[in-house]
Structure formats: structure tokens, C-alpha cells
Amino acid sequence: MEQLWYRSVGRGVLRASPVSVACVPASKLERVPGFRAPRVVLVGTDLGEAGLRALAQALGLVGKGGSVHLAHVVEPLPTPEDSFRAREQAWHALTRIGLDEARDAGAAVERHLLEGEPAQELSALAERVGADLVVVGARRRSALSRALLGSAARALVEQARLPVLVVPIPEA
């Protein structure tokens, strides 16, 4: 019962907060007694406003000499031709995001294009690159749209083994 209560409270905070919320797995809190500035950050991007805001937060956190891995996940499509076209368009957009911002922040940016389920792919990539933190943007949605569409950010928070910073993006 206690876990159910805290999990629902946590989701409520994520959903309603007008500011970024860091979600730190309990296992991380037991091993690392204090917060240290991240040097390697993975940013999950939707190639839109949410991704740009997440990238801005990440660049502000790592600062000069830090490393940001900018990743977009393309969900599998029914035909190889459709998948190829989607990956090509996504890569084209991904290579243009944050060029000036990264240069101004003095951080190195590496881009990754993945295919699969976003939360799983981002969690796996975070471990491969040795990320200290994952940053994602999340749109605030109505209860109905959350129930129908789900949330990649919520799934990532629930399964990640490292801290996740969720940057809220107001619904337009």
C-alpha cells in the first residue's frame, strides 16, 4: 500500500509540476549520499519543443567540458521502406538540433538515432554511454490523453536505473 501511495504521489508531482522534476531511483540514493553535477547527460528528444527544452537544461547542467548525448527513438514501422524514410528524416532533423547552443555551452554533443520502444532504448543507451543523468521533456496532458497515449517520460522514470530529469512543457 505504501508503495502505491508514493508512486501515485510521485506521478501527480510529475504531472502537475510547472518546474523540472528530478526522479532518482532509491538504489542510487543508497549508494551515492550527495548530488554531484553530471558530466555525461543523455537527452531524449522528440525533435520538437520538448526536446529543445530538455537539451537546454542538460547543457546548463554539464557546462564546459561536459558531454551530452542527444538521442531520438524512431518507433518501428510496418515496412522497411517506411522505416528507412522515418530514420532518414529523423537523422536529418537530429543533426540540426542544438548546434549553436552546444558550442556556446562548451559541451561536446554526440547524436544517436535508435529504433524501438523509447523508454527501453533510452535506458539501454544511458548505460552504454555511462550517463550520470537522463533529461527528457514531457508535455502536460489531460488524463484521457495520458490513458490513451501513454508517456515515454513516465515509462523512462519507472524503469531507469539512474536519475531522470523531467522538463515540463505546457500543452499548447
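Residues numbered from 1 in each chain as written. Predicted model: local features only at pLDDT ≥ 70, side-chain atom pairs only at ≥ 80, totals over all residues. Heavy atoms only, no water.

Digging into the overall build of the protein
Of regular secondary structure, the protein possesses 8 helices and 6 strands. Sequence-ordered secondary structure for the protein, helices as α and strands as β, is α-β-α-β-α-β-α-α-β-α-β-α-α-β. If you take every contact in the protein between residues at least 6 apart in sequence, the share linking residues at least 24 apart comes to 79%. (Helix = DSSP H or I, 4+ residues; strand = E, 2+ residues; numbered from the N terminus. Contact = heavy atoms within 4.5 Å.)

Digging into helix H4 (residues 80–94)
The first and last C-alpha atoms of H4 sit 21 Å apart over 15 residues, in line with the 21 Å expected at 1.5 Å per residue. Considering only its buried residues, H4 is in contact with strand S3 (67–74) and strand S4 (108–115). (Expected span 1.5 Å × (residues − 1).)

Overview of the environment of Gly130
Along the polypeptide, Gly130 turns up in the loop between helix H6 (118–129) and strand S5 (133–139). Measuring from C-alpha to C-alpha, the distance between Gly130 and Arg39 comes to 9.7 Å, with 91 residues separating the pair along the chain.

Notes on the pattern of salt bridges
Using the criterion set out here, one finds 6 salt bridges in the structure. A salt bridge links Arg161 to Glu127, with the nearest nitrogen and oxygen atoms 3.0 Å apart. With a gap of 34 residues between them, Arg161 in the loop between helix H8 (152–159) and strand S6 (164–169) and Glu127 in helix H6 connect regions that are remote in the sequence. For Glu127, a relative accessible area of 45% corresponds to the partly exposed category. (Salt bridge = Lys/Arg side-chain N within 4 Å of Asp/Glu carboxyl O. Buried < 20%, exposed > 50% of the residue type's maximum accessible area, 1.4 Å probe, protein only.)

A short note on unusual backbone geometry
Phi angles above zero are rare outside glycine, and Leu47 is one such case at about 70°. Here Leu47 lies in the loop between strand S2 (40–44) and helix H3 (49–62). The class for Leu47 is partly exposed, based on a relative accessible area of 27%.

A word on the environment of Arg103
As for its placement among the helices and strands, Arg103 is situated in helix H5 (residues 99–105). Along the chain, Arg103 and Leu59 lie 44 residues apart, while their C-alpha atoms are 9.9 Å from each other. Polar side-chain contacts of Arg103 include one of 3.2 Å to the side chain of Asp100. (Polar contact = N/O pair within 3.5 Å; in protein donor to acceptor, adjacent residues only side chain to side chain.)

Concerning the confidence of the model for the protein
Residue-level pLDDT values for the protein average 80, and 72% of them are 70 or greater. Segment residues 1–6: pLDDT under 50, and 0 contacts once partners within four positions in sequence are set aside and those in other chains are kept. Predicted confidence is poor over residues 144–150, with pLDDT under 50, and the contacts of this stretch with residues over four places away or in other chains come to 5 contacts. (pLDDT = per-residue confidence, 0-100.)

Some details on the side chain of Ser123
You can see Ser123 is positioned in helix H6. Overall, Ser123 belongs to the buried group, its relative accessible area being 15%. Setting aside anything within four residues of it in sequence, one finds Ser123 in contact with Leu156, Gln159 and Ala160.

A closer look at the packing of H6 against H8
In helix packing, the relevant descriptors are the interaxial angle and the interaxial distance, both defined with respect to the helix axes. Interhelical geometry of H6 versus H8 gives an angle of 45° and a closest axis separation of 8 Å. The pairing of H6 with H8 is recorded here as oblique in orientation. As H6 runs across H8, the sense of the crossing is right-handed. Of the residues in H8, those touching H6 at Pro118, Ala119, Gln120, Leu122 and Ser123 are Ala152, Ala155, Leu156 and Gln159. Here the residues of the contact of H6 with H8 are counted per class, giving 6 nonpolar, 3 polar and no charged. (Axes fitted to C-alpha atoms, helices over the stretch in contact; angles between N-to-C directions. Parallel < 35°, antiparallel > 145°, perpendicular 65-115°, else oblique. Left-handed = near helix turned anticlockwise from the far one by under 90°. Nonpolar A, V, L, I, M, F, W, Y, C, P; charged D, E, K, R; others polar.)

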